[in-house]
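# An overview of the molecular structure
Spelled out from the first residue to the last, the chains are:
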Amino acid sequence: MTIFVANANGKVGQDLIAALTAGGHDVRIGARDVARARAAFPGVAVVPFDYDDVAAGTAALDGVTAVFTAAPSWLVPHAELALLEAAKARGVRRIVKLSYLGAELHEEGGHRITEKAIEASGLEWTVLRPTFFNQNFSTMHLASIRDGAFYEAAGDGASAFIDTRDIAAVAVKALTEAGHHGQAYALTGPEALTRHEAAAKLSAALGRPVRYVPIDDAALRQALVGVPQSQIELLSGLFAAVRAGHTAGITDTVRTLLGRDPIGFDRYAADHAALWRDAA
Ligand SMILES: NC(=O)c1ccc[n+]([C@@H]2O[C@H](COP(=O)([O-])OP(=O)(O)OC[C@H]3O[C@@H](n4cnc5c(N)ncnc54)[C@H](OP(=O)(O)O)[C@@H]3O)[C@@H](O)[C@H]2O)c1
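Before going into details, it helps to say that this report is about the structure given with it. Note on numbering: residues in each chain are counted from 1, in written sequence order. Residues qualify for local features only when their pLDDT is at least 70, as the model is predicted, and side-chain atom pairs are given and counted only at 80 or more; totals for whole chains, interfaces and linings, by contrast, use all residues. As a rule here, side-chain values come from all non-hydrogen atoms in the structure, and water together with hydrogens is ignored.

### Focus on the overall build of the chain
Per the secondary structure count, the chain includes eleven helices and eleven strands. Here the globule rule is a power law, 2.2 Å times the number of residues to the power 0.38, and the radius of gyration is based on C-alpha atoms. Taken over the C-alpha trace, the chain has a radius of gyration of 18 Å; the compact-globule value for 280 residues is 19 Å, and the two agree within 12%. When the backbone C-alpha atoms are referred to their principal axes, the chain occupies close to 50 × 40 × 40 Å. Burial status follows relative accessibility: with a 1.4 Å probe on protein chains alone, a residue under 20% of its type maximum counts as buried, one over 50% as exposed, and anything between as partly exposed. Looking at the chain residue by residue over its 280 residues, the buried ones come to 51%. Throughout, a residue-residue contact means that at least one pair of heavy atoms, one from each residue, lies within 4.5 Å. Long-range contacts, defined as pairs at least 24 residues apart, comprise 75% of the intrachain contacts of the chain with a sequence gap of at least 6. Positive charges come from Lys and Arg, negative ones from Asp and Glu, while His and the chain ends are left out of the count. For the purpose of locating charges, the reference atoms are NZ of Lys, CZ of Arg, CG of Asp and CD of Glu. If the 26 positive side-chain charges of the chain are averaged to one point and the 31 negative ones to another, these points end up 3 Å apart. In DSSP terms, a helix is any run of H or I states spanning at least four residues, a strand is any run of E spanning at least two, and both are numbered starting from the N terminus.

### Some points on the packing of helix α7 (residues 195–206) against helix α11 (residues 265–277)
To obtain an axis, a line is fitted to C-alpha atoms, over the contacting stretch when the element is a helix, and the angle between two such axes runs from 0 to 180 degrees between their N-to-C directions. Where α7 meets α11, the axes come as close as 8 Å, and the angle between the chain directions of the two elements is 60°. When the interaxial angle is binned, α7 and α11 end up oblique. Between α7 and α11 lies a crossing whose hand is right-handed. Where α7 abuts α11, its residues Ala 198, Lys 201, Leu 202, Ala 205 and Leu 206 lie against Phe 265, Asp 266, Ala 269, Ala 270, Ala 273, Trp 276 and Arg 277. Looking at the contact of α7 with α11 residue by residue, the class counts come to nine nonpolar, no polar and three charged. An angle below 35 degrees is treated as roughly parallel, one above 145 as roughly antiparallel, one from 65 to 115 as roughly perpendicular, and anything else as oblique. Definitions for this section: a left-handed crossing has its near helix turned counterclockwise from the far helix by less than a right angle. A right-handed crossing has that turn clockwise. In the scheme used here, Gly and all other residues not listed as nonpolar or charged are polar, with Ala, Val, Leu, Ile, Met, Phe, Trp, Tyr, Cys and Pro taken as nonpolar and Asp, Glu, Lys and Arg as charged.

### Remarks on the environment of Ala 153
Relative to the helices and strands, Ala 153 is located in the loop between β7 (149–152) and β8 (158–159). As for Ala 153 and Phe 239, which are separated by 86 residues in sequence, their C-alpha atoms are 5.8 Å apart. Excluding residues within four positions of it along the chain, Ala 153 makes contact with Tyr 212, Ile 215, Asp 216, Leu 220, Phe 239 and Arg 243.

### Observations regarding the site of the ligand
One heavy atom within 4 Å of a molecule or strand makes the whole residue count as near it. Close to the ligand lie 24 residues; Asn 9, Arg 36, Asp 50, Ala 71 and Asn 136 are nearest. Within 3.5 Å is the distance limit for a polar contact, defined as a pair of N or O atoms, with the added protein rule that one can donate a hydrogen and the other accept it, and that residues adjacent in sequence qualify only through two side-chain atoms. Arg 36 is positioned such that a nitrogen or oxygen atom in its side chain is 2.5 Å from an oxygen atom of the ligand.

### Concerning the nonpolar core
We call a set of buried residues a nonpolar core when its members are Ala, Val, Leu, Ile, Met, Phe, Trp, Tyr or Cys and they connect through side-chain atoms within 4.5 Å of each other. If you look at the biggest cluster of nonpolar residues, it comprises 36 residues, and the most contacted ones within it are Leu 16, Ile 29, Phe 68 and Leu 128. With eight residues, the top contributor of residues to this core is helix α6 (residues 164–176). With near-sequence residues (within four places) excluded, Ile 29 lies in contact with Phe 4, Val 5, Ala 8, Ile 17, Ala 37, Phe 41, Val 44, Ala 45, Val 46 and Val 47. Counting residues in hydrophobic clusters, the runner-up holds 24 residues, among them Phe 132, Phe 150, Ala 154 and Ala 198.

### A few points about the packing of aromatic side chains
Any pair of Phe, Tyr and Trp rings, taking the six-membered ring for Trp, is counted once the centres come within 6.5 Å. Such a pair is stacked with planes under 30 degrees apart, edge-to-face with planes over 60 apart, and tilted for the rest. In this structure the tally under the stated criterion is ten aromatic pairs. Ring geometry for Phe 49 and Tyr 51: centres 5.1 Å apart, planes at 80°, overall edge-to-face. Measuring from ring centre to ring centre gives 5.5 Å for Phe 132 and Phe 239, while their planes differ by 35°; the resulting arrangement is tilted. Remark: Phe 239 occurs in helix α9 (residues 229–243) and Phe 132 occurs in the loop between β6 (124–130) and α5 (142–146); sequence separation between them is 107 residues. As far as burial versus exposure is concerned, Phe 132 and Phe 239 are alike and both buried. Here a set of aromatic residues connected by ring pairs shows up, and it is made of Phe 137, Phe 150, Phe 161, Tyr 212, Phe 265, Tyr 268 and Trp 276. When the ring centre of Phe 132 is taken as reference, the NZ or CZ atom of Arg 195 above it lies at 5.0 Å. Both a distance and an angle decide whether a charge sits over a ring: NZ of Lys or CZ of Arg must be within 6 Å of the ring centre and within 35 degrees of the ring normal.

### Section: the sheet that holds strand β4 (residues 66–69)
What makes two strands pair is DSSP finding at least two bridges between them. Reading across from one edge, β3-β2-β1-β4-β5-β6-β9 is the order of the seven strands in this open sheet, with parallel pairing throughout. If you trace the sheet from one side to the other, it starts and ends with β3 (45–48) and β9 (183–187), each paired once. Neighbouring strand axes in the sheet, compared pairwise and without regard to direction, differ in orientation by 20° on average. The pairing of β6 with β9 spans five bridges and is parallel. Note on β9: the bridge partner recorded for Arg 129 is Ala 186. Together, β1 (2–6), β4, β5 (94–98), β6 and β9 form the strand contacts of α6, whose direction differs from that of β5 by roughly 160°.

### Brief notes about unusual backbone geometry
Of the consecutive residues Val 76 and Pro 77, the connecting peptide bond is found in the cis state with omega at 15°. Summarising the element assignment, Pro 77 is placed in the loop between β4 and α3 (78–89). In this model, Asn 7 sits at a positive phi of 60°, which is unusual for a non-glycine residue. Looking at the secondary structure, you find Asn 7 in the loop between β1 and α1 (11–22). Among the residues examined, Asn 7 registers a relative accessible area of 23% and is labelled partly exposed.

### Quick word on α1
An ideal rise of 1.5 Å per residue puts 16 Å on twelve residues; α1 measures up with 17 Å between its terminal C-alpha atoms. Residues of α1 that are buried: Val 12, Gly 13, Leu 16, Ile 17 and Leu 20. For α1, the angular spread of the buried residues around the axis is 130°, confining them to a single face. Buried residues along α1 sit against β1, β2 (26–31), β4, β5 and α6. The positive-phi residue at the C-terminal boundary of α1 is Gly 24, with phi of around 80°. Here the expected span of a helix is defined as 1.5 Å times the quantity of residues minus one. This arc is built from the directions going out from the helix axis to the C-beta atoms.

Structure (structure tokens):
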């Protein structure tokens, strides 16, 4: 059984590949930046795969039984629809898709369009709907946190941040076990935190102050100049939902599926403190 993981250099993709290989599963990695993926996962098969040109990468699916897809959101749905068609044509039996919490509320949204195509595909399918990742703080906010602050349009809204290692652990189950077909899993971490509370936890882990600076929607849009309009609208809508208090809900799905507590923000911050400290 060969599992194809697209977006090997993505936040969930990296943790998923680590978990699958640790579990002894046969993994094939699809990466746009092949050299980066090879360096990160020596000994694992890496093939070129670009969501911008799925047709050029379909040979990556030869002999594959299960696919994990986590396309950049501005390439959803079209790139994932192309991947789904290629997977069906090449005899893939199972697909697991990374979506986002609340995707089902936006029938015309790109993620929901992909979800519906997957549901109707005849393949075994599982959809993962996580909320905001802890790991955003150690990737997209890495440089600014090193400078002592991060900026988001989240107001005082709380989010039940989830760790990508937990999403990956759920994905391993969906890809390799029976019993997950037809499921859409709403995934959160164990506690809802405002960005001010997250900043306090980061400060404690680093031993120096980290501030959260709230920005408004206009400033968010200005900061995203050059980003595809669909992505701007997605992020603007997501942060409006945070400000309105809609992302504070906690689900029990991770605990139920993994049989252990989800990773909390304190552990995440402690695990990554050296990263933020490096350039200080
Ligand atoms: N971040 C969150 O909090 C969050 C929460 C819920 C759901 N999601 C969903 O999760 C998915 C991933 O989002 P993310 O923000 O976490 O990003 P990500 O998975 O960390 O993806 C970043 C990676 O995308 C790769 N990439 C960019 N363009 C590509 C292309 N054309 N073909 C192949 N790979 C490409 C880049 O890899 P290279 O290094 O190879 O160029 C980059 O490393 C999105 O659909 C998003 O809606 C995210």
